[in-house]
Amino acid sequence: MKKTLVEFKNLKTYFYTEEGVVKAVDDVSFKINQGETIGIVGESGCGKSVTAMSLMRLIPNPPGKIVGGDIIFENESLLSLSEEKMREIRGNKISVIFQEPMTSLNPVYTVGYQISEAIILHQKLSKAEARNKAIEMIKLVGIPRSEEIVDAYPHELSGGMRQRIMIAMALSCNPKLLVADEPTTALDVTIQAQILDLMRSLKEEFNTSIMLITHDLGVVAEMCDHVVVMYAGKIVEEGEVKELFKNPLHPYTKGLLNSKPSLTGKNNNKLYSIPGQVPNPVNMPNHCYFYDRCEYASEECKKGIPNLKNIKEDHRVACILYKEEQ
Ligand SMILES: Nc1ncnc2c1ncn2[C@@H]1O[C@H](COP(=O)(O)OP(=O)(O)OP(=O)(O)O)[C@@H](O)[C@H]1O
Ligand code: SF4
Ligand SMILES: [Mg+2]
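Residues numbered from 1 in each chain as written. Chains lettered and ligands numbered in written order. Predicted model: local features only at pLDDT ≥ 70, side-chain atom pairs only at ≥ 80, totals over all residues. Heavy atoms only, no water.

Participant: Got a minute to help me understand the overall build of the chain in this structure?
Facilitator: A tally of regular secondary structure across the chain gives 11 helices and 12 strands. Taking 2.2 N^0.38 as the reference for a compact globule, 326 residues should give roughly 20 Å; the C-alpha atoms of the chain span a radius of gyration of 21 Å, in line with that estimate. Here the C-alpha coordinates of the chain stretch approximately 70 × 50 × 45 Å along the principal axes. Across the 326 residues of the chain, 49% fall into the buried class. Excluding contacts between residues fewer than 6 apart, the proportion of contacts in the chain whose partners are at least 24 apart in sequence is 62%. Accessible area for the chain stands at about 16,500 Å²; split by element, carbon and sulfur atoms hold 50% of it. Here the chain contributes 38 positively and 42 negatively charged side chains, and the mean placements of these two sets differ by 2 Å. (Helix = DSSP H or I, 4+ residues; strand = E, 2+ residues; numbered from the N terminus. Rg over C-alpha atoms; globule rule 2.2 N^0.38 Å. Buried < 20%, exposed > 50% of the residue type's maximum accessible area, 1.4 Å probe, protein only. Contact = heavy atoms within 4.5 Å. Areas by Shrake-Rupley, 256 points an atom, 1.4 Å probe, with all protein chains shown as cover. Lys, Arg positive; Asp, Glu negative; His and termini not counted. Charge placed at Lys NZ, Arg CZ, Asp CG, Glu CD.)

Participant: So what exactly am I meant to see when it comes to the site of ligand 2 here?
Facilitator: By nearness alone, every residue bordering ligand 2 is listed as His 250, Pro 251, Cys 288, Tyr 291, Cys 294, Tyr 296, Ala 297, Cys 301, Pro 306, Cys 319, Ile 320 and Leu 321. Given that more than half its atoms are within 2 Å of the pocket grid, ligand 2 belongs to the largest cavity. (Near = heavy atom within 4 Å. 1 Å grid on protein atoms, 1.4 Å probe; cavity = no way out; pocket = protein on both sides within 12 Å on 5 of 7 lines; lining within 4 Å. Sits in = over half its atoms within 2 Å of the grid points.)

Participant: Hey, could you run me through the site of ligand 1 in this one?
Facilitator: Taken together, the neighbourhood of ligand 1 is formed by 13 residues, with Ser 44, Gly 45, Lys 48, Ser 49 and Val 50 sitting nearest. Ser 44 places a side-chain nitrogen or oxygen 2.5 Å from an oxygen atom of ligand 1. Taking 640 Å² as the accessible area of ligand 1 by itself, protein coverage stands at 66%. Only strand E1 (4-17), strand E2 (20-33) and helix H1 (48-55) provide two or more residues apiece to the shell around ligand 1. Among the elements that take part in the shell around ligand 1, H1 stands out by supplying 3 residues, more than any other. Taken together, the residues that form the shell around ligand 1 break down as 7 nonpolar, 5 polar and 1 charged. (Polar contact = N/O pair within 3.5 Å; in protein donor to acceptor, adjacent residues only side chain to side chain. Nonpolar A, V, L, I, M, F, W, Y, C, P; charged D, E, K, R; others polar.)

Participant: What is the right way to read the packing of helix H7 (residues 159-171) against helix H8 (residues 189-206) from this model?
Facilitator: Two quantities define a packed helix pair, namely the angle between the axes and the distance from one axis to the other. With their axes 10 Å apart at the nearest point, H7 and H8 run at an angle of 15° to one another. The orientation of H7 with respect to H8, classified from their angle, is roughly parallel. The way H7 lies across H8 gives a crossing that is right-handed. Taken together, the residues of H8 that come into contact with H7 (itself represented by Gly 160, Gln 163, Arg 164, Ile 167 and Leu 171) are Ile 191, Gln 194, Ile 195, Leu 198, Met 199 and Leu 202. Residues belonging to the contact of H7 with H8 are distributed by class as follows: 7 nonpolar, 3 polar and 1 charged. (Axes fitted to C-alpha atoms, helices over the stretch in contact; angles between N-to-C directions. Parallel < 35°, antiparallel > 145°, perpendicular 65-115°, else oblique. Left-handed = near helix turned anticlockwise from the far one by under 90°.)

Participant: How do you make sense of the confidence of the model for the chain when you look at a structure like this?
Facilitator: Any residue range with low pLDDT should be treated as having predicted coordinates unsuitable for detailed reading. Averaged over every residue, the pLDDT of the chain is 90; the share at 70 or more is 95%. For the chain, per-element mean pLDDT is lowest for helix H3 (residues 101-104), which scores 69, and highest for strand E4 (residues 64-73), which scores 98. Below pLDDT 50 for its whole length, residues 265-269 participates in 6 contacts with residues either more than four positions away or in separate chains. (pLDDT = per-residue confidence, 0-100.)

Participant: Even after reading the chapter, I still don't get a nonpolar patch on the surface, so can you show me in this structure?
Facilitator: On the surface, a nonpolar cluster with roughly 230 Å² of combined accessible area is contributed by Tyr 16, Val 21 and Val 67. When you line up the elements, Tyr 16 lands in strand E1. Overall, the relative accessible area of 42% leaves Tyr 16 in the partly exposed class. (Patch = residues over 30% accessible without salt bridge, like charges linked within 9 Å, V, L, I, M, F, W, Y side chains within 5 Å. Salt bridge = Lys/Arg side-chain N within 4 Å of Asp/Glu carboxyl O.)

Participant: Which parts of the structure should I look at to understand the sheet that holds E1?
Facilitator: Across a sheet, paired strands are connected by hydrogen bonds in the backbone, their directions being either parallel or antiparallel. Taken in spatial order, the 4 strands of this open sheet run E2-E1-E4-E5, and their pairing is antiparallel. On the outer flanks of this sheet lie E2 and strand E5 (76-77), each paired with one strand and no other. Bridging between E1 and E4 involves 8 bridges; their strand directions are antiparallel. Within E4, the position partnered with Thr 13 by the bridge is Ile 66. Together, E1, E2 and E4 form the strand contacts of H1, whose direction differs from that of E1 by roughly 115°. (Pairing = 2+ DSSP bridges.)

Participant: When you look at the packing of aromatic side chains in this model, what are you seeing that I'm missing?
Facilitator: For any pair of aromatic rings, geometry is given as the distance between the ring centres together with the angle between the planes. Applying the stated criterion across every chain, the model contains 5 aromatic pairs. Judged by centre distance (4.4 Å) and plane angle (15°), the rings of Phe 8 and Phe 30 are stacked. Here Phe 8, found in strand E1, pairs with Phe 30, found in strand E2; they are 22 residues apart in sequence, far enough to count as distant. With centroids separated by 5.1 Å and ring planes inclined at 85°, the aromatic side chains of Tyr 231 and Phe 290 adopt a geometry described as edge-to-face. (Phe/Tyr/Trp six-rings, centres within 6.5 Å; stacked < 30°, edge-to-face > 60°.)

Participant: Is there a simple way to explain the pattern of salt bridges in this structure?
Facilitator: Oppositely charged side chains can form a pair if their charged atoms are brought close together. Considering all chains together, one arrives at 15 salt bridges under this definition. Between Arg 200 and Asp 197 there is a salt bridge, with the nearest N and O atoms lying 2.6 Å from each other. Here Arg 200 and its partner Asp 197 are both found in helix H8, 3 residues apart, which amounts to about one turn of the helix. On the basis of relative accessibility, which here comes to 42%, the residue Asp 197 falls in the partly exposed class. The residue Glu 222 makes a salt bridge to Arg 200 at a minimum N-O spacing of 3.8 Å. In this pair, Glu 222 is assigned in helix H9 (residues 217-223) and Arg 200 in helix H8, connecting sequence segments 22 residues apart. In this structure, a network of salt bridges that share partners links the residues Arg 57, Glu 83 and Arg 90.

Shown next as structure tokens:
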């Protein structure tokens, strides 16, 4: 029996903008098991980053607010913790890496200083011990000449090296959960593959769970055990990776899978883009959000917003074309 590390329970995170309420994450429930990598996929604006920011309790308020549900981490409600307790968890038990490391690294401090700071903050180590640990971490993430690099400034490093430094920082406290929000999008393909390899081997070594946010289904297929497909703030399909790729159910997931260039040239390597657009976030319809773009849409679909149904063990979908497993 797998042990649950994090459980999102009916999470609702809304933004109160001048145009109206944006339900960025609307009634989202899923679990991350210990040592498991979960992929969160979906088009731009579907709520992937807001889900991650809610977990870290980093939603800017105003305009944003978690208005419902809960996030349980190691049997404790993160949403009811004091800010001080939450700071102990952030960067310690839960670490995050963002897409563009330059925005997360401070240009005026050496990378060694920044890794050491993170270590000193969460572990009771002296400055000298923290520096040694920083050198060790730089080595671990595969950067050569770690004794010199520890004294380098971020601008002296390449994009791939900076992302490795971010990973070194994120992993320096042995987090239980690593949240990686598009960690390789800004990198070229070779470096991207190296960073993914690195994350995979670190996961195996430390049994870290990973929440990997990406729009790249190839990365999901390669890295993840489980995948959550989001559309306009809601989960439309969720399941074990192999099952979901073999047997995608939701018309949106099918569209996303069709839009993946195929190595075999089966799709003529042309990107298939799903026609149409996501509905206006401040004025969502009261029926299936995918209706206007769905080739299977019927009058029946206008009767309400479909719930997630269990189709098989570990495979759920929100679409009226499917009946719940009895
Ligand atoms: N600070 C904010 N103020 C108002 N709306 C916001 C804010 N942050 C996010 N949103 C809205 O929340 C929704 C979800 O955004 P989110 O950043 O989670 O998308 P995403 O899935 O991560 O997209 P991308 O793939 O482009 O990173 C969007 O409609 C976005 O406009
Ligand atoms: S509920 Fe209807 S409109 Fe929505 S995805 Fe299913 S078939 Fe398409
Ligand atoms: Mg995002």
